[in-house]
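Report on the structure
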Amino acid sequence: MSAFFKHPLRVTLRLLWLAGEILLALLDFVINVIFQPKIPLLRARAQWLQQVCRRILRILHVKIKTHGPIPLKGLLVCNHLSYLDVLVISSITPAVFISKSEVKRWPVFGWFARLAGTLFVRRARRTDVTRLNREVAQVLDDGGLVVLFPEGTSSDGRYVLPFKSSLLEPASRLNHPLSAAFISYSLPEGNVSEDVCYWGEMTLGPHLVNLFSKQFVGARVAFTRLEPGPNSRKQLARQLHSHVLRLKNSATEQAFA
């Protein structure tokens, strides 16, 4: 909690602001999702989440820069560093996310993930992947954008972990647009690996308070559009991984240019 004592007023005001935004978001959900029968539920939820994420990012003073074609439908794969990734990507383009089932139990984040129509997977049960792949295919067939973090976990950002192929089945057998993205962060003070990335044995509450103490956070997301992938999901996983690595290398070169 040392971050709180360094900037107690900033953290307190931002937490109060967050509480207000949560109440506003719930009211907005009732008005613009539940009582909007003319808008397909999938689209209404994605658009609702986008507006919520944009407002929350304003609390954190997150400054976003994008590069490349922003996808509107199909499958988007991205490296995974933090819970902040979902807020950043959703603020850029309306999307449905795939997440581990444990996120359901997270305070606030879990509630909003369920309201937004997040597709949850129980990683401990192999048979659950079949059910999830059917749901992913349905979203893709309906013209939605599905975001997958195929590393399977978040990291400190030094490396892009190998991609798990089990959730790429719909993309490998159906003709839907494919995109890849690389997300990175910067801070005017502190260490991105510890203060923004959420990985390992970190605890959500203290990490969030520490993040709220930062003056602002820079986020950069580079996108690239891919040609239809191979028929094998394992080959597709390797292809997507190589594209994300190229985006990472390009971002590193630009940072040191």
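My aim in this report is to walk through the structure given alongside it, one point at a time. Just so it is clear, the model here is predicted, and its values are computed rather than measured.

Conventions and cut-offs
- Residues numbered from 1 in each chain as written.
- Predicted model: local features only at pLDDT ≥ 70, side-chain atom pairs only at ≥ 80, totals over all residues.
- Heavy atoms only, no water.
- Helix = DSSP H or I, 4+ residues; strand = E, 2+ residues; numbered from the N terminus.
- Rg over C-alpha atoms; globule rule 2.2 N^0.38 Å.
- Buried < 20%, exposed > 50% of the residue type's maximum accessible area, 1.4 Å probe, protein only.
- Contact = heavy atoms within 4.5 Å.
- Areas by Shrake-Rupley, 256 points an atom, 1.4 Å probe, with all protein chains shown as cover.
- Lys, Arg positive; Asp, Glu negative; His and termini not counted.
- Charge placed at Lys NZ, Arg CZ, Asp CG, Glu CD.
- Axes fitted to C-alpha atoms, helices over the stretch in contact; angles between N-to-C directions.
- Parallel < 35°, antiparallel > 145°, perpendicular 65-115°, else oblique.
- Left-handed = near helix turned anticlockwise from the far one by under 90°.
- Nonpolar A, V, L, I, M, F, W, Y, C, P; charged D, E, K, R; others polar.
- Pairing = 2+ DSSP bridges.
- Salt bridge = Lys/Arg side-chain N within 4 Å of Asp/Glu carboxyl O.
- Core = buried A, V, L, I, M, F, W, Y, C linked by side-chain atoms within 4.5 Å.

Scanning the protein chain from terminus to terminus reveals 10 helices and 7 strands. Computed over C-alpha atoms, the radius of gyration of the protein chain comes to 18 Å, within 12% of the 18 Å expected from 2.2 N^0.38 for 257 residues, which places it in the range of a compact globule. By its C-alpha atoms, the protein chain is 55 × 50 × 35 Å across when sized along the principal axes. Looking at the protein chain as a whole, 49% of its 257 residues are labelled buried. Partitioning the intrachain contacts of the protein chain with sequence separation of at least 6 by distance along the chain shows that 75% fall at a separation of at least 24. On the protein chain, roughly 13,200 Å² of surface is accessible, and the fraction owed to carbon and sulfur atoms is 57%. Charged side chains in the protein chain number 33 positive and 17 negative. The centres of these two groups are separated by 2 Å.

Tracing the backbone through its elements, the reader meets Leu187 in the loop between β6 (178-186) and α8 (192-195). A C-alpha to C-alpha distance of 6.2 Å links Leu187 and Gly218, two positions 31 residues apart in sequence. The contacts of Leu187, once residues within four sequence positions are left out, are Val192, Asp195, Val196, Lys214, Phe216 and Val217.

Okay, the packing of helix α2 (residues 8-34) against helix α9 (residues 204-212) next. Contact pair α2 / α9: the axes reach a minimum separation of 9 Å and the direction vectors enclose 110 degrees. Put simply, α2 runs roughly perpendicular to α9. Between α2 and α9 lies a crossing of right-handed hand. Of the residues in α9, those in contact with Arg10, Val11, Arg14, Leu15 and Leu18 of α2 are Val209, Leu211 and Phe212. Looking at the contact of α2 with α9, its residues break down into 6 nonpolar, no polar and 2 charged.

Turning next to the side chain of Asn133. Considering the arrangement of structural elements, one finds Asn133 in helix α6 (residues 128-141). Accessibility expressed as a relative area gives 8% for Asn133, which makes it buried. Apart from residues no more than four positions distant in its own chain, Asn133 is found in contact with Ser166, Leu167, Glu169 and Pro170.

Strand order in the open sheet formed by 7 strands is β1-β7-β6-β2-β5-β3-β4, with mixed pairing between adjacent strands. The two strands at the open ends of the sheet, each matched to only one other strand, are β1 (62-67) and β4 (119-121). Neighbour-to-neighbour, the strand axes of this sheet turn through a mean angle of 25 degrees, independent of strand direction. With 6 bridges connecting them, β1 and strand β7 (residues 217-226) associate as parallel partners. Note that in β7 the partner of Lys65 across the bridge is Arg220. Here α6 sits on the sheet and contacts β2 (74-78), β3 (96-100), β4 and β5 (145-148); the angle it forms with β4, its principal contact strand, is near 160 degrees.

Where charged atoms from two side chains of opposite charge come close, those side chains can pair. Per the stated rule, a full pass over the model turns up 4 salt bridges. Residues Arg55 and Glu21 are paired through a salt bridge, measuring 2.9 Å at the closest nitrogen-oxygen approach. One end of the pair, Arg55, is in helix α3 (residues 41-59); the other, Glu21, is in helix α2, and 34 residues separate them in sequence. On the accessibility criterion, Arg55 (13% relative accessible area) is buried. Across the salt bridge formed by Lys214 and Asp195, the nearest N and O atoms sit 3.3 Å from each other. You can see Lys214 sitting in the loop between α9 and β7 and its partner Asp195 sitting in helix α8, a full 19 residues away along the chain. Neither Lys214 nor Asp195 differs from the other in exposure class; each is buried.

Another aspect to go through is the nonpolar core. Core analysis: the biggest nonpolar cluster contains 50 residues, and Trp48, Leu84, Val88, Val147, Tyr185 and Val217 have the highest contact counts within it. Element by element, the count of residues in this core is highest for α3, at 8 residues. Those residues in contact with Tyr185, other than ones at most four positions away along the chain, are Leu81, Leu84, Asp85, Val88, Val192, Val196, Val217, Gly218 and Ala219. If you look at the next biggest cluster of nonpolar residues, it comprises 29 residues, including Val77, Ala180, Phe182 and Leu236.

Any functional reading would require information beyond the geometric quantities listed.
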